[in-house]
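Descriptive analysis of the structure
What follows is the residue order along each chain.
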Amino acid sequence: MRDDARTKERDVKRLPIAAAALLALLFPGADRSWGQSMDDLNLQVHGYATQGFIYTTNDNWNTTNSTDGSAAWMEAVVNVTAEPQPKLRIGVQARYYLLGTYGNQIMLDWALGDYKVNEHFGFRVGKVKTPAGLLNETQDIDPAHLWILLPQSIYPVASRASILAHYGGVVYGSVPLGDSLGKMEYRAYGGQRVLSSDDAYLQPYRDEGLTLPNGITGRMFGGTLMWDTPVEGWMVGSSIDAENPTGSVVAGPYTGTFSAHPFYPYYFYSKYERNRVMFAGEYNRLSANTQIQFSGAPPTAYLTDRRAFYAMASYKISEKLSAGLYYSGSTDRQAAHTISRFQKDWALSARYDFNPFLYAKFEQHFINGTEIGFSTLDNTGGYKPNTRMTLLKIGVSF
Amino acid sequence: MKRRFLPLLFGLLVLPVCFCAHAQVVIIANSSVSASSISKTELRDIFTGASTSLSNGKPVTPVLLRQGGVQDEFLSLYIGKTDSGFRAGWRSILFSGQGAMPKTLDSEAAVVEYVSHTAGAIGYIGRAAPHEGVKILVVR
C-alpha cells in the first residue's frame, strides 16, 4: 500500500508549477502580476507555488523515499482579499499541499474578517492564523523566508493545517511606550483547534499502530507580547498557548478515547534585522500528559516534555543572493533513551531571487537523532543516528 | 606632482560622503494629511505594515515604487531593509492574512499622480521629480 502511495505521489501533476515558473522566466517584467487590484474594493488576488526536491543519505524523511531522492513536495496557494470599508478587510486563502503521503488535497488556510478600530485595537474572526511564537503565523509562507525548512525543533514542516491556524478569533494591537522605550505589540486568541485524522502531528501515534479516525479537537487560547525595542530592528517576545484536545482512538478491534490534561506550551524569542543582517533565536517548551484508554482497560499515559530551541543568522550578499546558517535542537525528556529522543540539526541555506517573482533555494542539513520528521513506518530497517539532507526548491509568487 | 593629486584624492574621498549625507528622497502626501512632518519610526511602521496611521491617529495609505534607485535609497535610509527583504516582509503579512499589499506603481510621476488624488496617501519620490499637487513631509 505504501509503495502504491509513493508511486502515486510521483505522478502528481506538476504542470501548474512548471507553467508558472516558465511564465516568470519568460516575462520577468510582467509586474502586473504583483497583484491585481480593483480600486473600489481594493480587491486583490495573490498566490505562490513551490516545487521541492529532497535527498537524504540514510533515513527516509516525512513519508518520502528521500534516500532515493524525492520530488513529492509541492505547494500552491492563492488568496483573495477585499476592503469593503476603510477599517474592514475580508479574505480567504486556499492551499494545495503535498509532502510524501501527507496532504495531497486542497485545504483552507484562513478565511477571515478583520476589523481594525485603531492602532491599539483590532480583531480578526473566522479561521485565523495562530500567533504563537516568533514564526508560527508565517512558517508556511515559503516566499517570505530564506530557509527551505524553518528550524524543525519548533516549526515542523509536515503539518500545514493543524497547529498553524484555529477557528475563532484574534485581538491585536500595539501600545507606544515613548520614544526611549519603543512599542509593545500584543495578540490574544481563542477558539477551536481541529486536527484531521491524517495530520502529520499524529504520526507518532500511527507509528504505534493507533488510528484516530476523527482526528482530535479541543478548545484553545493564548497570547503573545512583543516588545519592539528602541534599538532599530530589535524585537523580543514571548507567547503562551493553552490546548486541551480530545478524540477517539482505534487499535485493531479495540476502540477507546484520546484525551489530554490541559497543557501550556510557551515560547521566548528575539530577532534583530537591519539592512543586510538578521539574527534570531527562540526557546520553546511543551509539557503534556496524554491519555489513551480502551474500553474495559486502564488508561495508558503518554508523557511529553519537549524542550526545543534554535539560533539563526543570515546575510544578504547581494540584492539577489542571500545565505544563512542555523542550529536547531530538541529533546523530549520523557522519551526513552534512544536516538528518537532528540534531534540536532545544523543547516546551511542559500536563496537566489531571479526577479521579484521567481526564486530558487538550496539547503544542506546535518542531522543527528530522529525525533522530528522520521517515522519507523518509513524506515522499516531501523534508524541510522546521522542523516545528511540536501534540499532544493524553486518557487514563484505574484 | 603629488601635491597636484592630493586635492583630487581628497575630493574623491569626501564627495560620496556628502552625497550620502544629503537624502535624495522626499516624502510626499496628499493634501488631506494634516501633519507637516513625520518621524523615521512612523515612516518605518507605515511602510512595513506595522501601522496604518500617524502618531496623531489619522489613517494614511502607503504607496510603493516598484523598483529603482529612489526605492533603494528610501528603503536604506528609512526602512533599514533591502528591496527583497522589504518584499519578503509584505509577503509575510499578505499570505498570513494580516493585511493587503499596498498600491505599487511603476514611476515617480505615477506616485505623484496617485498621491495627489487619494485622501490619506503617502509616498516617496526623488528630490528632483516634479511634485505638483502634493505636499512634502519633513522627516524628523
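Located above this text is the structure these notes cover.
To start, this report covers the structure provided alongside it. (Residues numbered from 1 in each chain as written. Chains lettered and ligands numbered in written order. Predicted model: local features only at pLDDT ≥ 70, side-chain atom pairs only at ≥ 80, totals over all residues.)

1. A few points about the overall build of chain A
Along chain A, the regular secondary structure elements total 3 helices and 19 strands. Classification of the 398 residues of chain A by burial places 41% in the buried group. (Helix = DSSP H or I, 4+ residues; strand = E, 2+ residues; numbered from the N terminus. Buried ≥ 20, exposed ≤ 12 C-beta atoms within 10 Å, placed from the backbone.)

2. Some details on the overall build of chain B
Helix and strand content of chain B: 5 helices and 6 strands. Written out in order from the N terminus, the α and β elements of chain B read α-β-β-α-β-α-α-β-α-β-β. When the 140 residues of chain B are sorted by exposure, 38% land in the buried category. Partitioning the contacts of chain B with sequence separation of at least 6, the portion at a separation of at least 24 is 68%. (Contact = placed C-beta atoms within 7 Å.)

3. Digging into the pairing of strand 19 (residues 386-397) of chain A
All names here are of chain A. As defined by bridge partners, strand 2 (residues 43-56) adjoins strand 19 across 9 bridges and the pair is classed as antiparallel. Residue pairing for strand 19: Phe53 is matched across the bridge by Leu392. Where strand 18 (residues 358-368) meets strand 19, 11 bridges bridge the pair, whose relative direction is antiparallel. Note that in strand 19 the partner of Gln364 across the bridge is Thr390. (Pairing = 2+ DSSP bridges.)

4. Focus on the interface of chain B and chain A
Each side of the interface is counted separately: chain B has 24 residues, and chain A has 37 residues. Looking at the side of chain B that touches chain A, the elements with two or more residues in it are helix 4 (83-95) and strand 4 (103-105) of chain B. The class makeup of the residues in the side of chain B that touches chain A is 6 nonpolar, 12 polar and 6 charged. (Nonpolar A, V, L, I, M, F, W, Y, C, P; charged D, E, K, R; others polar.)

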